[in-house]
Amino acid sequence: MDPIDLFHEDIGSGSPILLVHGYPLNHEIWKQVALILREKARVIMPDLRGMGKSPATPGAYSMHLLAEDLLCLMDLMRIDKTILAGHSMGGYVCLEFARVFPDRVSGIALVASQAVPDSPDRRQARYVSIRDVERNGIGPVVEAMLPKLTDRQDLKEVLTNIMSDSSKLGVMGCLGGMAERQDAREWIPDIKIPALVIAGKNDKIISMDNAKEMAALFTDGKLEILQASGHMPMMEQPEETAKALLSFLGRVKQVKKPAR
Ligand code: MLT
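Student: If you had to explain the environment of Met-163 to someone new, which residues and values would you point to?
Tutor: Looking at where Met-163 falls in the secondary structure, it is placed in helix 6 (residues 153–164). A relative accessible area of 0% means that Met-163 is categorised as buried. In this structure, the C-alpha to C-alpha distance between Met-163 and Leu-146, residues 17 residues apart in sequence, is 8.9 Å. Leaving out residues up to four positions away in the same chain, Met-163 has contacts with Pro-24, Leu-25, Ile-138, Val-142, Met-145, Leu-146 and Leu-149.

As structure tokens, this is what we get:
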């Protein structure tokens, strides 16, 4: 499959940071964080293939394909190098991006994400979901995901609306791609750029053990645990998430400075 042009928002100025949403979401999840980051950086928020306003294609969306879509966007925008911040599945995509396009990324932040691939049971459940979505549309997926994303009642409506903007093909494509994704633990030690892992203490999708394991695998990795967050730290604790990312931007800048 060829890369496609992604819908994206682009705000602020300075060094770029690309905020990559998870499944089955879109760039809207980053809005509050982006409004804070824009004071210090150029914030680019794409909708991944089949999500939000980006076009959908049939078939499984491998993490590699989604990473190529991001590269295509960077090329179109003439961005040579960026910081990547990926939420959950967006994190899987960023890890793959750092593996295949290491010269195009200066720092990697992973929010409510993990390095491990699907267990056989999880993979099987994804294939069952694909068939379900094919027959019944994305309604059941949205309903099943909602309680896993957050306990915050005030975020349920906006999250339902965001998820409902995903296309049927997009949801099936992401499920297929996540089921087939590789074990990123194999290459994370080779990613030598600064890394930040942000984990929600009450995340029902990503275990704290998995977040800690991933942070420890990086040669220059740091872990930030947000106590009042589940799977959506950028919406549950936007100020704290932005603060962690801003301090990460500073860390990446320090590393980029030539040695005297
Ligand atoms: C996500 O939030 O992107 C997904 O739930 C991650 C996953 O299912 O592995």
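There is more to say, and it comes next.
Student: Give a description of the site of the ligand that names residues and reports values.
Tutor: Around the ligand, the surrounding shell consists of Gly-22, Tyr-23, Ser-88, Met-89, Tyr-92, Arg-122, Arg-126, Met-145, Met-178, Ile-205 and His-231. In the environment of the ligand, an oxygen atom lies 2.8 Å from a nitrogen or oxygen atom belonging to the backbone of Met-89. A distance of 2.7 Å separates an oxygen atom of the ligand from a polar side-chain atom of His-231. The protein chains hide 98% of the 260 Å² of surface that the ligand would expose on its own. Sorting the residues of the shell around the ligand by element identifies helix 3 (89–100) and helix 4 (120–136) as the ones contributing at least two each. Within the shell around the ligand, the residues separate by chemical class into 6 nonpolar, 3 polar and 2 charged.

Student: Would you mind going over the packing of helix 5 (residues 139–149) against helix 6 in detail, with residue names and values included?
Tutor: The contact between helix 5 and helix 6 brings their axes to 10 Å, and the two run at 135°. By the angle between their axes, helix 5 is oblique relative to helix 6. Crossing geometry of helix 5 relative to helix 6 is assigned as right-handed. Contact residues: helix 5 offers Val-142, Met-145, Leu-146, Pro-147 and Leu-149, while helix 6 offers Lys-156, Leu-159, Thr-160, Met-163 and Ser-164. Partitioning the contact of helix 5 with helix 6 into residue classes produces 7 nonpolar, 2 polar and 1 charged.

Student: Just give me the short version of the environment of Pro-117, but keep the residues and values in it.
Tutor: You can see Pro-117 is positioned in the loop between strand 5 (105–111) and helix 4. Along the primary structure Pro-117 and Tyr-92 are separated by 25 residues, whereas in three dimensions their C-alpha atoms are 9.2 Å apart. Other than its neighbours up to four places away in sequence, Pro-117 contacts Arg-181, Gln-182, Asp-183 and Arg-185.

Student: Hey, could you go over the sheet that holds strand 7 (residues 221–226) for me, with residue numbers and the actual values?
Tutor: Ordered by their spatial adjacency, 7 strands build an open sheet running 1-3-2-4-5-6-7, and the pairing between neighbours is mixed. Each edge of the open sheet carries a strand with a single partner, namely strand 1 (8–11) and strand 7. Sheet twist, expressed as the mean angle between neighbouring strand axes with direction ignored, is 15°. For strand 1 and strand 3 (residues 42–46), the ladder comprises 4 bridges, and the chain directions are antiparallel. Of the residues in strand 3, the one forming a bridge with His-8 is Pro-46. In the packing of helix 3 onto the sheet, contacts are made with strand 2 (16–20), strand 4 (82–87) and strand 5, and the angle to strand 4 comes to roughly 145°. Along the sheet, helix 10 (residues 238–256) contacts strand 2, strand 4, strand 5, strand 6 (195–200) and strand 7; its crossing angle with strand 6, the most-contacted strand, is approximately 170°.

Student: Hey, could you go over a positive patch on the surface for me, with residue numbers and the actual values?
Tutor: Taken together, Lys-40, Lys-81, Lys-253 and Lys-256 make up a surface patch of like positive charges. Considering the arrangement of structural elements, one finds Lys-253 in helix 10.

Student: Can you lay out the side chain of His-87 for me, pointing to particular residues and giving the numbers?
Tutor: Here His-87 shows up in strand 4. In terms of polar contacts, His-87 uses its side chain to reach the backbone carbonyl oxygen of His-231, at 2.8 Å. Leave out the neighbours within four places in its chain, and His-87 touches Val-20, His-21, Gly-22, Leu-25, Ile-29, Trp-30, Val-111, Ala-112, His-231, Met-232 and Met-234.

Student: Break down the pattern of salt bridges for me, with residues and values.
Tutor: Going through the model one piece at a time under the given rule, you end up with 13 salt bridges. Between Asp-10 and Arg-42 there is a salt bridge, with its nearest N and O atoms 2.8 Å apart. One end of the pair, Asp-10, is in strand 1; the other, Arg-42, is in strand 3, and 32 residues separate them in sequence. With relative accessibility at 23%, the residue Arg-42 sits in the partly exposed group. Three or more residues are tied together by salt bridges with common partners; here these are Glu-9, Glu-28 and Lys-31.

Student: Let's hear about unusual backbone geometry: which residues, and what values?
Tutor: A cis geometry characterises the amide bond from Tyr-23 onward to Pro-24, with omega recorded as -10°. Relative to the helices and strands, Pro-24 is located in the loop between strand 2 and helix 1 (31–37). Even without being glycine, Arg-78 reaches a positive phi, approximately 55°. With respect to the helices, strands and loops of the structure, Arg-78 is situated in the loop between helix 2 (63–76) and strand 4. Phi is positive for Ala-112, close to 50°, though the residue is something other than glycine.

Reading the values: the criteria
Residues numbered from 1 in each chain as written. Predicted model: local features only at pLDDT ≥ 70, side-chain atom pairs only at ≥ 80, totals over all residues. Heavy atoms only, no water. Helix = DSSP H or I, 4+ residues; strand = E, 2+ residues; numbered from the N terminus. Buried < 20%, exposed > 50% of the residue type's maximum accessible area, 1.4 Å probe, protein only. Contact = heavy atoms within 4.5 Å. Near = heavy atom within 4 Å. Polar contact = N/O pair within 3.5 Å; in protein donor to acceptor, adjacent residues only side chain to side chain. Areas by Shrake-Rupley, 256 points an atom, 1.4 Å probe, with all protein chains shown as cover. Nonpolar A, V, L, I, M, F, W, Y, C, P; charged D, E, K, R; others polar. Axes fitted to C-alpha atoms, helices over the stretch in contact; angles between N-to-C directions. Parallel < 35°, antiparallel > 145°, perpendicular 65-115°, else oblique. Left-handed = near helix turned anticlockwise from the far one by under 90°. Pairing = 2+ DSSP bridges. Patch = residues over 30% accessible without salt bridge, like charges linked within 9 Å, V, L, I, M, F, W, Y side chains within 5 Å. Salt bridge = Lys/Arg side-chain N within 4 Å of Asp/Glu carboxyl O. Lys, Arg positive; Asp, Glu negative; His and termini not counted. Charge placed at Lys NZ, Arg CZ, Asp CG, Glu CD.

Spatial relationships are all this shows, so hold off on functional conclusions.
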